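# Fold and geometry: a report
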Amino acid sequence: MTKTFKIGEEAVGGIVKVSTRRRDVYEVSAYRTKDKVQVAWRFVYGLEELRDYCEDISTPIHRLC
């Protein structure tokens, strides 16, 4: 399964795509909004590492408050 997020907050590139590979393995890619060029890519293992990486490449909502 693949989920694409067009981030309305600060994020590397502006578009973040998360795909499942197998149980607890996720592929995270970041693309520039204007031309869809990939600017970051990484495999992460487990939901905690997925959350941490997504927070690293974006600005979490709770940090904006």
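Above this text you will find the structure in question.
First, a word on what this report is: a plain description of the structure on this page. Counting restarts for each chain: residues are numbered from 1 in the order of the written sequence. Residues qualify for local features only when their pLDDT is at least 70, as the model is predicted, and side-chain atom pairs are given and counted only at 80 or more; totals for whole chains, interfaces and linings, by contrast, use all residues. The side-chain figures draw on all heavy atoms in the structure; neither hydrogens nor water molecules are used.

### A word on the overall build of the protein
- Each helix is a run of H or I in the DSSP string that is no shorter than four residues. Each strand is a run of E no shorter than two, and both are numbered from the N terminus. Looking only at helices and strands, one finds two helices and four strands in the protein.
- Helices and strands in the protein line up, N terminus first, as β-β-β-β-α-α.
- Counting across all 65 residues of the protein, residues that qualify as buried make up 31%.
- Surface accessibility in these figures is a Shrake-Rupley result with a 1.4 Å probe; residues are shielded only by whichever protein chains are displayed. In the structure as shown, the protein presents an accessible area of about 4700 Å², 51% of it carried by carbon and sulfur atoms. Only protein chains enter the calculation, and the probe is 1.4 Å; a residue is then buried if its accessible area is under 20% of its type maximum, exposed if over 50%, and partly exposed in between.

### Description of the pairing of strand β2 (residues 14-22)
- Pairing geometry for β2 and strand β3 (residues 25-32), over eight bridges, is antiparallel. Bridge assignment links G14 to a residue of β3, and that residue is R32.
- Linkage of β2 to β3, two consecutive antiparallel strands, is achieved through a turn of two residues, within which D24 is found at a positive phi near 65°. When DSSP locates at least two bridges between a pair of strands, those strands are taken to pair.

### Thoughts on unusual backbone geometry
- Here D24, not a glycine, exhibits a phi torsion of approximately 65°, which is positive.
- By relative accessible area, D24 is classed as partly exposed at 42%.

### Brief notes about the side chain of S29
- In this fold, S29 is placed in strand β3.
- The exposure class of S29 is buried, given its relative accessible area of 4%.
- Think of a polar contact as two N or O atoms within 3.5 Å of one another; within protein, one of them needs to be a possible hydrogen donor and the other a possible acceptor, and neighboring residues in sequence only count if both atoms come from side chains. There is a polar contact of 3.2 Å between the side chain of S29 and the side chain of Q38.
- Each residue touching S29, except ones within four places of it in the same chain, is listed here: I15, V16, K17, Q38, A40 and W41. Here, two residues are considered to be in contact whenever any of their heavy atoms come within 4.5 Å of each other.

### Here's the deal with the pairing of strand β4 (residues 38-45)
- As defined by bridge partners, β3 adjoins β4 across seven bridges and the pair is classed as antiparallel. The residue of β4 that forms the bridge with V25 is Y45.
- Counted along the chain from β3 to the antiparallel partner β4, the turn is five residues long, and its residue K36 has a positive phi close to 60°.

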